[in-house]
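Chain by chain, the residues run as shown.
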Amino acid sequence: MKLLFIIGDAAVGKMTVGQELMKITDLRLFHNHMTIEPVIEIFGRYEGKTIAEIRDVIFKNYAASDNDGMIFTMMMDFNLPSEWAYLEHVKGIFEPYGTDFYYVELIAPQEIRLKRNISENRLKNKASKRDIEASNQRLINDDKNHRCVSYEGEIPFDNYLRIDNSDIGRNVRKVDGLFGAEGFVCSSAGQSADKRKAPSDFRQKGQGRQNYSTFAALIISIRFARYSFHWGRFFQ
């Protein structure tokens, strides 16, 4: 069993990255709005306790299943101890089943995320975002009131990557041609980055050290991990 946490700000592309990964791995996607939207539909409002309880049932049953693994997406305020505790809570459900854990933090500037906030895929899967004015204002307020981008060296976990996901469209289009590529290396966890932007994490070995799509390299690394490929190869 593998559990991949995709963490990041609102509209950074967590669900979209998860959808693409699900297409080429045996991992199943459980994005956070899969529980948020039905609860809002039933209760007429956000009910955090109910959402958390539903998620726990899914986590417990999935961890005990014969599935290969799960991709779980979430926003995380790194200033709140309760958010760190929630990560450990979810891990605690999966740990008895010998689960391998992976962590990907996606970042992108606010102006890009505001454009994505009205994308067709987002509005199709997240009914609560369809009031565009309110949704945009909520995103802006969340940026002011919550720290959803980690500091350098703050993430203590193994198998952690921070990815600048600003150009997700171009990255997705590059995926097919990059499968099977070898020799990728990655900067160490905690790569220094501005609060809303970061350099590409992946490069290909060879003359000129050509920059490659971080998204494609992530997918390659996940695919290799399926065959017990050690993520340490990606770290210098």
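Values in this document were obtained by computation on a predicted structure and should not be read as measured data.

(A) Spatial organisation of the overall build of the chain. Of the regular secondary structure elements, the chain holds nine helices and seven strands. Expressed as a percentage of its 236 residues, the buried residues of the chain come to 50%. Taking the intrachain contacts of the chain between residues at least 6 apart in sequence as the baseline, contacts between residues at least 24 apart amount to 75%.

(B) Highlighting the pattern of salt bridges. For the coordinates displayed, the defined rule picks out seven salt bridges. Three or more residues joined by partner-sharing salt bridges are found here, namely Asp9, Arg113 and Asp143.

(C) Region of the structure containing the packing of helix α3 (residues 48–63) against helix α4 (residues 81–94). It is at 8 Å that the axes of α3 and α4 come closest, and there the two elements cross at 35°. Residues Arg55, Asp56, Phe59, Lys60, Tyr62 and Ala63 of α3 form the contact with α4, whose participating residues are Tyr86, His89, Val90, Ile93 and Phe94. Across the contact of α3 with α4, the residue classes break down as seven nonpolar, one polar and three charged.

(D) Summary view of the sheet that holds strand β2 (residues 27–30). Read from one edge to the other, the open sheet built from five strands follows the order β2-β3-β1-β4-β5, with strand pairing classed as parallel. In this open sheet, the two strands that pair with only one neighbour each are β2 and β5 (160–164). Here the strands of the sheet are splayed against their neighbours by 20° on average, with no regard to which way each runs. Pairing between strand β4 (residues 100–107) and β5: five bridges, direction parallel. When the sheet's bridge partners are listed, Leu106 is paired in β5 with Ile163. Sheet strands in contact with α3 are β2 and β3 (69–74), and its direction is about 160° off that of β3. The strands touched by α4 within the sheet are β1 (2–8), β3 and β4, with β1 carrying the most contacts at an inclination of about 165°.

(E) Seen up close, the environment of Leu161. Within the fold, Leu161 resides in strand β5. Here Leu161 falls in the buried class, since its relative accessible area comes to 3%. Sequence separation of Leu161 and Glu105 is 56 residues, and the distance between their C-alpha atoms is 6.2 Å.

(F) How the structure looks around unusual backbone geometry. Positive phi, close to 65°, is recorded for Ala11, a residue that is not glycine. Relative to the helices and strands, Ala11 resides in the loop between β1 and α1 (14–24). The class for Ala11 is buried, based on a relative accessible area of 5%.

(G) Up close: the packing of helix α2 (residues 33–43) against α3. In the contact formed by α2 and α3, the axes pass within 10 Å of each other and the chain directions differ by 135°. Taken together, the axes of α2 and α3 are oblique relative to one another. Seen from above, α2 lies across α3 with right-handed handedness. Side by side, α2 and α3 meet where Thr35, Ile36, Val39 and Phe43 of the first sit next to Thr50, Ile51, Ile54, Arg55 and Ile58 of the second. Across the contact of α2 with α3, the residue classes break down as six nonpolar, two polar and one charged.

(H) Molecular detail of the environment of Arg55. With respect to the secondary-structure elements, Arg55 resides in helix α3. The sequence separation of Arg55 and Ile36 amounts to 19 residues, and the corresponding C-alpha distance is 9.7 Å. Sequence-distant contacts of Arg55, that is, excluding residues within four places in its chain, are made with Phe30, Asn32, Thr35, Ile36, Phe72 and Tyr86.

(I) Up close: the packing of aromatic side chains. Counted by the stated rule, this structure contains nine aromatic pairs. Counting every residue linked through ring pairs, the aromatic cluster contains Phe5, Phe30, Phe59, Phe72, Phe78, Trp84, Phe94, Tyr103 and Phe157. Above the ring of Phe101, the side-chain terminus of Lys91 is found at 5.6 Å from the ring centroid. For the cation-ring pair, Arg147 lies above Tyr151, with the distance from its terminal atom to the ring centre recorded as 3.7 Å.

Quick notes on the rules
Residues numbered from 1 in each chain as written. Predicted model: local features only at pLDDT ≥ 70, side-chain atom pairs only at ≥ 80, totals over all residues. Heavy atoms only, no water. Helix = DSSP H or I, 4+ residues; strand = E, 2+ residues; numbered from the N terminus. Buried < 20%, exposed > 50% of the residue type's maximum accessible area, 1.4 Å probe, protein only. Contact = heavy atoms within 4.5 Å. Salt bridge = Lys/Arg side-chain N within 4 Å of Asp/Glu carboxyl O. Axes fitted to C-alpha atoms, helices over the stretch in contact; angles between N-to-C directions. Nonpolar A, V, L, I, M, F, W, Y, C, P; charged D, E, K, R; others polar. Pairing = 2+ DSSP bridges. Parallel < 35°, antiparallel > 145°, perpendicular 65-115°, else oblique. Left-handed = near helix turned anticlockwise from the far one by under 90°. Phe/Tyr/Trp six-rings, centres within 6.5 Å; stacked < 30°, edge-to-face > 60°. Lys NZ or Arg CZ within 6 Å of the ring centre and 35° of its normal.

It is worth stressing that arrangement in space is one thing and function is another; only the former is reported here.
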